[in-house]
Amino acid sequence: MTLKPVQLLATALLAARRAGEHVMANLARRDEALRLDRLDVKHALDFEAQAAAFAVIESAWPGDAILGEETADVPLADTPVRWVVDPIDGTVNFFHGLPWWCCCVAAQVNNKTVAGAVYAPEMGLCFEASTETPALCNGRPLRVSKTAETRLASIHTGSGKSYPGENPLRFLECVVEMAQRPRIMGAAALDICSVAAGKADAYFEPGIYLWDIAAAGIVLERAGGKLEILKDHGAWRVAALATNGALHAACRDALLPLL
Ligand code: IPD
Ligand code: CA
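Conventions used here
Residues numbered from 1 in each chain as written. Chains lettered and ligands numbered in written order. Predicted model: local features only at pLDDT ≥ 70, side-chain atom pairs only at ≥ 80, totals over all residues. Heavy atoms only, no water. Donors = N, O, S within 2.8 Å, 3.2 Å for Na, K, Ca; no water. Helix = DSSP H or I, 4+ residues; strand = E, 2+ residues; numbered from the N terminus. Expected span 1.5 Å × (residues − 1). Buried < 20%, exposed > 50% of the residue type's maximum accessible area, 1.4 Å probe, protein only. Near = heavy atom within 4 Å. Polar contact = N/O pair within 3.5 Å; in protein donor to acceptor, adjacent residues only side chain to side chain. Areas by Shrake-Rupley, 256 points an atom, 1.4 Å probe, with all protein chains shown as cover. Nonpolar A, V, L, I, M, F, W, Y, C, P; charged D, E, K, R; others polar. Domains from an automatic or database assignment. Pairing = 2+ DSSP bridges. Contact = heavy atoms within 4.5 Å. Axes fitted to C-alpha atoms, helices over the stretch in contact; angles between N-to-C directions. Buried area = accessible area lost by both parts, 1.4 Å probe. Salt bridge = Lys/Arg side-chain N within 4 Å of Asp/Glu carboxyl O. Phe/Tyr/Trp six-rings, centres within 6.5 Å; stacked < 30°, edge-to-face > 60°. Lys NZ or Arg CZ within 6 Å of the ring centre and 35° of its normal.

**Student:** Explain the coordination of the calcium ion (ligand 2) to me, please; I cannot follow it from the model alone.
**Tutor:** Ideal values differ by geometry: the angle at a metal is 109.5 degrees with four tetrahedral donors, but 90 or 180 degrees with six octahedral donors. Here the calcium ion (ligand 2) is held by D86 (OD), D89 (OD) and D212 (OD), and the distances to it run 1.9 to 2.4 Å. Linear spacing of the donor residues for the calcium ion (ligand 2) on their chain is D-x2-D-x122-D.

**Student:** So what exactly am I meant to see when it comes to helix α1 (residues 5-25) here?
**Tutor:** An α-helix turns once per 3.6 residues; consequently, residues spaced three or four apart project the same way. Counted at 1.5 Å a residue, the expected span for α1 with its 21 residues is 30 Å, and the 30 Å between its end C-alpha atoms agrees. Three or more residues of α1 are buried, namely P5, L8, L9, T11, A12, L13, A15, A16, A19, G20 and V23.

**Student:** Any chance you could explain the site of ligand 1 here in plain terms?
**Tutor:** Near ligand 1 you find 17 residues, and of these D89, G90, G186, A188 and E205 are the closest. Between ligand 1 and the protein, one listed contact pairs an oxygen atom with a backbone N or O atom of I88 at 3.2 Å. Here an oxygen atom of ligand 1 and a backbone polar atom of T91 are 2.9 Å apart. Computed on the free molecule, ligand 1 has an accessible area of 380 Å², of which 92% lies beneath the protein chains in the complex. Those elements giving two or more residues to the shell around ligand 1 turn out to be β4 (81-89) and β12 (202-209). Grouping the amino acids of the shell around ligand 1 by side-chain chemistry returns 4 nonpolar, 7 polar and 6 charged. There are two domains that each give the shell around ligand 1 at least three residues, and those are domain 1 (5-141) and domain 2 (150-258).

**Student:** What is the right way to read unusual backbone geometry from this model?
**Tutor:** Backbone geometry at N138 places phi at a positive 50°, although glycine is not the residue there. When you line up the elements, N138 lands in the loop between β8 (133-137) and β9 (140-141). Residue N138 is classed as partly exposed on the basis of its relative accessible area, which comes to 37%. If you check the backbone angles, W236 has positive phi at about 70° while not being a glycine. In this fold, W236 is placed in the loop between β13 (226-234) and β14 (237-243). Judged by relative accessible area, which is 29%, W236 ranks as partly exposed.

**Student:** How should I be thinking about the sheet that holds β8 in this particular structure?
**Tutor:** Strand order in the open sheet formed by 7 strands is β3-β4-β5-β6-β7-β8-β9, and the pairing between neighbours is mixed. The two strands at the open ends of the sheet, each matched to only one other strand, are β3 (65-68) and β9. The pairing of strand β7 (residues 125-130) with β8 spans 3 bridges and is classified as antiparallel. Paired with S130 across the two strands is T133, which belongs to β8. Packed onto the sheet, α1 meets β4, β5 (102-109), β6 (112-120), β7 and β8 and runs at close to 30° relative to β6.

**Student:** Which parts of the structure should I look at to understand the domain arrangement of the protein?
**Tutor:** Reports often express the size of an interface as the amount of accessible area lost when the parts come together. Along its sequence, the protein is carved into domain 1 (5-141) and domain 2 (150-258). Together, the buried faces of domain 1 and domain 2 total about 2300 Å²; carbon and sulfur atoms form 69% of this surface. Across the domain 1-domain 2 interface, the total number found is 1 salt bridge. Ionic pairing is found between E221 and K112, a salt bridge with its closest N-O pair at 3.5 Å. For the pair domain 1 and domain 2, the interface holds 7 residue pairs in polar contact (both at pLDDT 80 or more).

**Student:** How do you make sense of the pairing of strand β10 (residues 154-157) when you look at a structure like this?
**Tutor:** Regular strands show a simple pattern: their side chains alternate between the two faces of the sheet. What you see with β10 is no split at all: S154 and H156 on one side and I155 and T157 on the other are buried throughout. As paired elements, β10 and strand β11 (residues 181-183) share 3 bridges and run parallel to each other. Looking at the pairing, I155 lines up with P182 of β11. In the sheet, β10 pairs with β12 via 3 bridges, with the strands oriented parallel. Considered in β12, the bridge of H156 is made with Y203.

**Student:** Any chance you could explain the packing of aromatic side chains here in plain terms?
**Tutor:** In this description, a pair of aromatic rings is defined by centroid distance and the angle of the planes. Counted according to the given criterion, the structure contains 3 aromatic pairs. Residues F94 and W101 carry aromatic rings whose centres are separated by 5.1 Å and whose planes lie at 75° to one another, so their mutual orientation is edge-to-face. Using a relative accessible area of 0% as the deciding quantity, one classes W101 as buried. A ring pair is formed by F171 and F204, whose centres lie 5.7 Å apart and whose planes are at 45°; its orientation type is tilted. Here F171 is found in helix α4 (residues 168-178), whereas its partner F204 is found in strand β12, with 33 residues between them in sequence. Assigned by exposure class, F171 and F204 land together as buried. The ring of Y119 is capped by R17, whose NZ or CZ atom sits 4.6 Å from the centre of that ring.

Okay, here's the thing in structure tokens:
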């Protein structure tokens, strides 16, 4: 069967919506953390929202491989389409009561995203794009900013889960020195969608997971921007740079030598 990105997008949108609706129906359980540590929160709703998204994908496309944040250690079958699910991106925000979180579902062919949906239900925002359709937010077209100088750029970054031997401050220092004002918003997919919407000019994170960026990446590309994996750390973890395109070379030149 020929795989149509628009059909994959329909499933991605439904899966992201179902995940988000499940979380919204359970907001009273917002403080129900399964595990709290210094760098992360693991929430019961992370697992439940992932199950809701998986159920949609499994029923529409039985047998397809699904990479989900909560089951990332499970080996994946080699199927023509690989789905990538982040049930709640911005779990720490969610746990603390901030609305800046989202549910992300991407469909990938040959490791490239062909359709993606990013649903932020508490803010009423639904981003989508595919290789055959434009980047939209709530049905309205998105376009990246025209900012061409890093000193005038609003650059989002992340204080992700760092690992022994890594020094996240050297990246932050670089962004602080280069940008107009850096932002750490706490949900990578929404950072990238913000670049797509022209509300941020760039986003960089030295260690981020594929499920955080896959769906938002195509939204950005279809809005005229560029997502680049600057380094592959293995085990689905990468250094990622997302820009409006005009700033890409300057950001890359500044950040790549630090990796
Ligand atoms: C995290 C968020 C955060 C980023 C971290 C991610 P999670 O995802 O996207 O903004 O800085 O690197 O791990 O854990 O909330 O799904
Ligand atoms: Ca995430």
